[in-house]
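So you can see what is in the structure, the chains are spelled out below.
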Amino acid sequence: MPLRSMTGFARTDGVCGDAAWHWEVRTVNGRGLDIRLRLPPGLEALEAPAREACARKLARGSVSATLILEREGSVGTLRLNERALADVAAALQRAAAICPAAPPSLDGILALRGVMELVEPEESERETEARLNAMRNGLEVALDRVILERGREGARLLPVLESQIDEIAAIVAEAERSPTRTVEAIRARLAEQVARLLDAQPKLDEARLHQEAVLLATRADIAEELQRLRSHIVAAREHLAADAPVGRKLDFLSQELNREANTLCSKSNDTEITRMGLRLKAVIDQLREQVQNIE
């Protein structure tokens, strides 16, 4: 499966009998799979299969699926609700007894809610099932189109992500080759720092001096951070080539890359390495921003 984003839109239209309908499906970024359905009254039977279809085809993202239904031709017949009319007439008689006034017109009475009812045309069970099947199939088509759109967006994102990962790898390689990481350079910095420490505390005992020297040497060594960064870079490239949704994994890796970059900056006691660490953090932040839209 190619890399896919979480952004997509599709619409499908259909007609079954006297019912015309269309689906609109939108998907955007989301931490998990959040499905929101908007269905016309009376079509609650579609909710469960619609959710199942979304969950089967999409692994992640905020999904909004809206079904709009329109009846073509006659939508029903008007029927007089005689019981409601009798209740209204009785209420008018009581009101006239309390407060005499001109009686209301018949059209005014008929305009009252409930007096006239719109009766939907009856349809057979077969007709109902045929319409529901057509709408379910329409949603499947809309979801397939959304997947295609997400795939196109993912194809546009892939070279961007690969370029950012390549840039991270280049900075890591530059840090590994840095002359400031040679034994001689580290020894010179340690000697300078120890001398500065002795100037500040001339009576520092040998045990304390040894502890401080070990701490300085440990902080000067960024080999472990560079090794973990290389490992994360290899994993990120493998995920980009994987045949499965990798958004969560890439998000986690970008966090790990950022953590190692932070450690590298905090351990650095050389301005060149610090500058590399800051460049690294800037590219990783750009990578994290793009990864947020990967399924």
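Residues numbered from 1 in each chain as written. Predicted model: local features only at pLDDT ≥ 70, side-chain atom pairs only at ≥ 80, totals over all residues. Heavy atoms only, no water.

Draft legend 1. Focus on empty space enclosed by the protein. Evaluated as defined, the whole model comprises 3 cavities of 30 Å³ or more. Space inside the second largest cavity adds up to approximately 50 Å³. Lining the second largest cavity are 11 residues, and of these Pro2, Leu3, Arg4, Ala244 and Val246 lie nearest its centre. (1 Å grid on protein atoms, 1.4 Å probe; cavity = no way out; pocket = protein on both sides within 12 Å on 5 of 7 lines; lining within 4 Å. Points joined across faces, edges and corners; volume = space filled by probe spheres on them.)

Draft legend 2. Focus on a nonpolar patch on the surface. A surface patch of nonpolar side chains, about 270 Å² in accessible area, is lined by Leu78, Leu80 and Met116. By secondary structure assignment, the location of Leu78 is in strand β5 (residues 77-80). Exposure remark for Leu78: the relative accessible area of 65% places this residue in the exposed category. (Patch = residues over 30% accessible without salt bridge, like charges linked within 9 Å, V, L, I, M, F, W, Y side chains within 5 Å. Areas by Shrake-Rupley, 256 points an atom, 1.4 Å probe, with all protein chains shown as cover. Salt bridge = Lys/Arg side-chain N within 4 Å of Asp/Glu carboxyl O. Helix = DSSP H or I, 4+ residues; strand = E, 2+ residues; numbered from the N terminus. Buried < 20%, exposed > 50% of the residue type's maximum accessible area, 1.4 Å probe, protein only.)

Draft legend 3. Region of interest: the packing of helix α1 (residues 47-57) against helix α4 (residues 125-177). Interhelical geometry of α1 versus α4 gives an angle of 25° and a closest axis separation of 10 Å. What the angle tells us is that α1 and α4 run roughly parallel. Note that α1 runs across α4; the crossing there is right-handed. Facing α1, whose interface residues are Pro49, Ala50, Ala53, Cys54, Arg56 and Lys57, α4 presents Arg136, Leu139, Glu140, Leu143, Asp144 and Ile147. Considered class by class, the residues forming the contact of α1 with α4 number 7 nonpolar, no polar and 5 charged. (Axes fitted to C-alpha atoms, helices over the stretch in contact; angles between N-to-C directions. Parallel < 35°, antiparallel > 145°, perpendicular 65-115°, else oblique. Left-handed = near helix turned anticlockwise from the far one by under 90°. Contact = heavy atoms within 4.5 Å. Nonpolar A, V, L, I, M, F, W, Y, C, P; charged D, E, K, R; others polar.)

Draft legend 4. Molecular detail of the sheet that holds strand β3 (residues 33-38). On the basis of which strands lie adjacent, the open sheet formed by 4 strands has the order β1-β2-β4-β3 and mixed pairing. If you trace the sheet from one side to the other, it starts and ends with β1 (8-16) and β3, each paired once. Pairwise comparison of adjacent strand axes, ignoring direction, gives a mean angle of 15° for this sheet. Lying over the sheet, α4 contacts β1, β2 (19-28) and β4 (61-71), oriented at roughly 155° with respect to β1. (Pairing = 2+ DSSP bridges.)

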